[in-house]
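# Chains, contacts and geometry: an overview
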Amino acid sequence: PELTGAFIAILLVFSALALPIWVYVSKRIGKEKSWSLGLLTGSAIMLMSFLFVGGNVWLFGIFCALFGLVVAGDVILPTTLLADIVSDNSDDTASNQAGAMLGFKNAVSKLGFVLPMLFAFPILGAMGVEDADTLNRSQRIALIALYGFVPALLRMAAWWALGSEIRNMRSSRP
């Protein structure tokens, strides 16, 4: 708990440092592919959460830095994609779809953080978890699932749902 601020700072600093990299990558391979890369890489990093359950502070710091690098693309690129779609399509339908897609993306993104906490604390409490350093095997698996796998699955669901919708909207351009 005493290092929480430092971990958040690491994530934010690396996220800010990564913004110019994501701009460069999106110009090289396109915004859609860059966003896919960011979402899928972020999901893979979240799935690696089992590596730091034992309390390895250095490993968790590296995790925060890596996740900060990819979360910048995840946050910025969908918004720019939707802005492109709206500017490419002047009719009200495209604007409504883009607004709905941005709302869905933001909701799924927030759910990725909120859902694990909503379910994790009661589930882990019922399992007798009091300290992350003294987890038994089933408690460790529950913690990994709730804080690593669930958010990763939500990110992949957003990639699948929104990615196909973006391709459909772009292909229906006049």
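Residues numbered from 1 in each chain as written. Predicted model: local features only at pLDDT ≥ 70, side-chain atom pairs only at ≥ 80, totals over all residues. Heavy atoms only, no water.

Of regular secondary structure, the protein possesses five helices and zero strands. Counted from the first residue to the last, the protein has its helices and strands arranged as α-α-α-α-α. Buried positions account for 34% of the 174 residues belonging to the protein. In the protein, once contacts between residues fewer than 6 apart in sequence are set aside, the share between residues at least 24 apart is 78%. Here the protein has roughly 10100 Å² of accessible surface; of this, 70% comes from carbon and sulfur atoms. (Helix = DSSP H or I, 4+ residues; strand = E, 2+ residues; numbered from the N terminus. Buried < 20%, exposed > 50% of the residue type's maximum accessible area, 1.4 Å probe, protein only. Contact = heavy atoms within 4.5 Å. Areas by Shrake-Rupley, 256 points an atom, 1.4 Å probe, with all protein chains shown as cover.)

Turning next to the nonpolar core. Core analysis: the largest hydrophobic core is formed by 20 residues, its most contacted members being Trp22, Trp35, Ile45, Phe67 and Val70. Residue assignment for this core shows that the elements contributing at least two residues are helix 1 (4–29), helix 2 (31–47), helix 3 (57–88) and helix 5 (137–171). Here this core gets 10 residues from one element, more than from any other, and that element is helix 3. When residues no more than four places from it in sequence are discounted, the contact partners of Val70 are Trp22, Gly38, Thr41, Gly42 and Ile45. Ala120, Leu124, Leu135 and Leu146 belong to the second largest nonpolar core, which has six residues in total. (Core = buried A, V, L, I, M, F, W, Y, C linked by side-chain atoms within 4.5 Å.)

Considering all chains together, one arrives at three aromatic pairs under this definition. On the basis of an interplanar angle of 20 degrees and a centroid distance of 5.7 Å, the ring pair of Phe60 and Phe63 is categorised as stacked. One end of the pair, Phe60, and the other, Phe63, are both in helix 3, three residues apart, so they sit about a helical turn from each other. Phe63 sits in the buried class, given a relative accessible area of 15%. One aromatic cluster in this structure is built from Phe7, Phe60, Phe63 and Phe67. (Phe/Tyr/Trp six-rings, centres within 6.5 Å; stacked < 30°, edge-to-face > 60°.)

Here helix 1 spans 35 Å end to end across 26 residues, near enough to the 38 Å set by a 1.5 Å rise per residue. Turning to helix 1, its buried residues are Phe7, Ser15, Ala18, Trp22, Val25 and Ser26. Where helix 1 terminates, the next one or two residues include Gly30, which has phi positive at roughly 100 degrees. (Expected span 1.5 Å × (residues − 1).)

One can describe the packing of helix 1 onto helix 2 by two numbers: an axis separation of 7 Å at closest approach and a directional angle of 130 degrees. Taken together, the axis directions place helix 1 and helix 2 in an arrangement best described as oblique. Residues Trp22, Val25, Ser26 and Ile29 of helix 1 touch helix 2, and the partners they reach there are Lys31, Lys33, Ser34, Leu37 and Gly38. When grouped by side-chain class, the residues that make up the contact of helix 1 with helix 2 number four nonpolar, three polar and two charged. (Axes fitted to C-alpha atoms, helices over the stretch in contact; angles between N-to-C directions. Parallel < 35°, antiparallel > 145°, perpendicular 65-115°, else oblique. Nonpolar A, V, L, I, M, F, W, Y, C, P; charged D, E, K, R; others polar.)

Here we come to a nonpolar patch on the surface. The grouping of Val13, Phe14, Leu17, Met48, Leu51, Ile62, Leu66 and Leu69 at the surface amounts to a nonpolar patch, some 650 Å² of accessible area in total. If you list the elements that add at least two residues to the nonpolar patch, you get helix 1 and helix 3. As for its position among the elements, Leu69 is in helix 3. Exposure remark for Leu69: the relative accessible area of 30% places this residue in the partly exposed category. (Patch = residues over 30% accessible without salt bridge, like charges linked within 9 Å, V, L, I, M, F, W, Y side chains within 5 Å. Salt bridge = Lys/Arg side-chain N within 4 Å of Asp/Glu carboxyl O.)

Moving on to helix 2. Counted at 1.5 Å a residue, the expected span for helix 2 with its 17 residues is 24 Å, and the 24 Å between its end C-alpha atoms agrees. Turning to helix 2, its buried residues number three or more, namely Ser34, Trp35, Ser36, Gly38, Leu39, Gly42, Ser43, Ile45 and Met46.

For the rest of this paragraph, the subject is the environment of Leu162. Among the structural elements, Leu162 can be located in helix 5. Expressed as a C-alpha distance, the spacing of Leu162 and Phe104, which sit 58 residues apart in the sequence, is 8.4 Å.

The next thing to look at is the confidence of the model for the protein. With 78% of its residues at a pLDDT of at least 70, the protein reaches an overall mean of 79. No element of the protein has a lower mean pLDDT than helix 4 (residues 92–126), which averages 71, and none a higher one than helix 1, which averages 93. (pLDDT = per-residue confidence, 0-100.)

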